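For reference, the chains in residue letters:
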Amino acid sequence: MPHYALTCYDVLFAIFQFLEDLEESWYDYDPAIQEASSWYRRQLAARSRSTLASCSCVCRAFFRPASALLWRNIDDVSHLIALLRAAPLSTIQPLASHSEFVDKELVKSAYLSEQASRALQYAWRVRAIHGHRRQSFSHGGNWEFPDWTQGQPLLPQLRYLRWTVDFAGGDQLLELLSPSLRSLHLIFPRLPASSTSQSDADGEPREAFVRNLVRQIALKAPALQYLRISSSGARESWFQPVGELAQLETFEFHSSVCDEAATLPLIQPLAALQHLRNLQLRLPGDSPRIAPRAFPSLQTLTLDATFASLHAVSAFLLSVSSCELRSLSLLNCQHVSLSPSTELHEVAEVIRSRFPSSLRHFVLELRGVSHGHAEPQPLAKALGPLFSMPHLSDVRICLFPEVVAIVPSQDDIKQMARSWPNATRLELSCLRTPSPLLDLADVARRCIGLTDLVIPGIDASAAEMEGLLSAPNPVAAPNLRSLTLFDDGTNSIIPDPEKLARCLDRLFPSVNWHCPRGGEENWMETVQELVRIRIARMSSGASM
């Protein structure tokens, strides 16, 4: 006789839940982009689902809880639709005899077979449709739902939905929406070459389709909190009705289109949303006119300034009224004016004046070739106001190789450490001025909680290295877990890889070293020696 616990639905359901992927992280892997982590998460989820499917075949007691979890997260809704269409309707028993999730209106209209009621139970358990990079249904079969399911929410528990939109596929998405939906990720694939070469007039039906789609989403899913758009075939301005989603907390627009951003009509509706906490979009070339008290609840802001000037970035930040902004990322900022240093200083001053105590995470990417008459200025001077914000804990500054008007120096990384003593991550990515080894030790001592450090390169030519090797207790950063050279050793000065490895091991004993691909030979030898030292220390400790 099996133990009573093995026949208890609640106990088995709690056990099988450990094989289910976390619903809260469903959008962390995005099949619309090429990421190694995306592939890994999908493989892990597939193995867990395979184990659940095996459990459902063990016995009747295992079948109900395992199948309930299997149907909570699905990829392709066509299999569910095929199951509903195959279910016969003729029976002498009403639906109420087969399901605890009974829709009373449906009971009045039809008597369903046991197969049909079981198919409906599966539909009522669906909480997430993850979707693939292709359209989220199979084109080979009949996609339409059977007539006896019309007039009621087919997926009343659906909370998470990722859907690839097909402009020619009709309104299949609208049939899946329900008031329970909280998170929606829409993928608009790249249009065929024949479509992209058509005139602007041919784009009007697509624009009308998208606008109507957003309005219907607002009507059918009024409690939607998360909306993510991954688009290669739809422009930002088409999503202007997003302002009708009153409960929206997160809006992200990811575009792989290289044409100019069309975000201007979208900004004002987003600015009026009272609950919007997380925002990611491309800035338009023109500075938007935004009403007062815009973005009152914003906590995370990511701006892509590929088509905007630094002045437009400052104007946008001035419009943010939130006092709770914790994370700010300025990506692909273009410094192509006559005075890029002055404009960058203006951006830094706006950040310091608007978010002096709330901001914790800051990312800045600088691109673009400056005007020929622009006078080079030190990086520390251009970003001076940020150095008076001691609460920053994660700062990442990246200067691309074409940037010549902003000049970093060897002292910048030390200035960052002095200004932000609570930092857990510091990054200065550029192809100039390698940092002296002793400066790295000083940086790590000033930032006790530092776990990640990215520097332009390393200068190991100083004679003080011998002093580090002979010091009784030279450990500078016991918490540091990652130390990365942006140049992979190309511009670094490493005359003696073995000596540098011994110094780095004594200063940073907890760093997980990884050999760079295609790095400079001396730095690769240094990392290899560090790994050998670490293995030898672990082996000697295990033998004691």
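Okay, so let's go over this structure. Per chain, residue numbering runs from 1 following the sequence as it is written. It should be noted that, the model being predicted, local features are given only for residues of pLDDT at least 70 and side-chain atom pairs only at 80 or more, the latter also being counted only at that level, while totals for whole chains, interfaces and linings use all residues. Water and hydrogen atoms were dropped before computing side-chain values, which therefore reflect all heavy atoms in the structure.

As for the packing of helix α4 (residues 78-86) against helix α6 (residues 114-125)
Under this scheme, a helix contributes an axis fitted over its contacting stretch, all axes are lines through C-alpha atoms, and angles between N-to-C directions fall in the 0 to 180 degree range. Each helix is a run of DSSP H or I of at least 4 residues and each strand a run of E of at least 2, with the numbering of both proceeding from the N terminus. Running from N to C, α4 and α6 cross one another at 155°; their axes reach a closest spacing of 8 Å. In terms of their interaxial angle, α4 and α6 are classed as roughly antiparallel. Crossing of α4 over α6 shows left-handed handedness. Seen from α4, the contacting residues are L80, L83, L84 and A86; seen from α6, they are Q115, A119, L120, Y122 and A123. Across the contact of α4 with α6, the residue classes break down as eight nonpolar, one polar and no charged. Comment on the angle field: the value is read as roughly parallel under 35 degrees, roughly antiparallel over 145, roughly perpendicular from 65 to 115, and oblique elsewhere. We call a crossing left-handed when the near helix sits turned anticlockwise from the far one by less than a right angle, and right-handed when that turn is clockwise. In this description, contact between two residues means that some pair of their heavy atoms is separated by no more than 4.5 Å. Residue polarity is assigned by list, with Asp, Glu, Lys and Arg as charged and Ala, Val, Leu, Ile, Met, Phe, Trp, Tyr, Cys and Pro as nonpolar; anything else, Gly included, falls into the polar class.

Re the pattern of salt bridges
Note that side chains of opposite charge can pair when their charged atoms are close. Within this document, salt bridges are pairs made up of a side-chain nitrogen of Lys or Arg and a carboxyl oxygen of Asp or Glu, the two lying within 4 Å of each other. Applying the stated rule across the entire model yields 14 salt bridges. A salt bridge links E349 to R352, with the shortest nitrogen-to-oxygen separation between them at 2.4 Å. Of this pair, E349 and R352 both sit in helix α12 (residues 340-354), separated by three residues, roughly a single helical turn. Only protein chains enter the calculation, and the probe is 1.4 Å; a residue is then buried if its accessible area is under 20% of its type maximum, exposed if over 50%, and partly exposed in between. Take E349: its relative accessible area is 29%, and that puts it in the partly exposed class. Judged by relative accessible area, which is 30%, R352 ranks as partly exposed. For K414, the salt bridge identified is with D439, shortest N-O distance 3.7 Å. Taken together, the residues span a long stretch of sequence, with K414 in helix α14 (residues 412-419) and D439 in helix α15 (residues 437-446) at a distance of 25 residues. Under the relative-accessibility criterion, D439 is labelled buried at 12%. Salt bridges linked by common partners bring D411, K414 and D439 together as one network.

Regarding unusual backbone geometry
With a phi angle near 50°, F295 is a residue other than glycine that sits in the positive phi range. The topology assignment puts F295 in the loop between β7 (278-282) and β8 (300-304). Given a relative accessible area of 1%, F295 falls into the buried group. Its identity is not glycine, yet N332 carries a phi of approximately 55°, on the positive side.

Remember that the coordinates give geometry; whether it matters functionally is a separate question.
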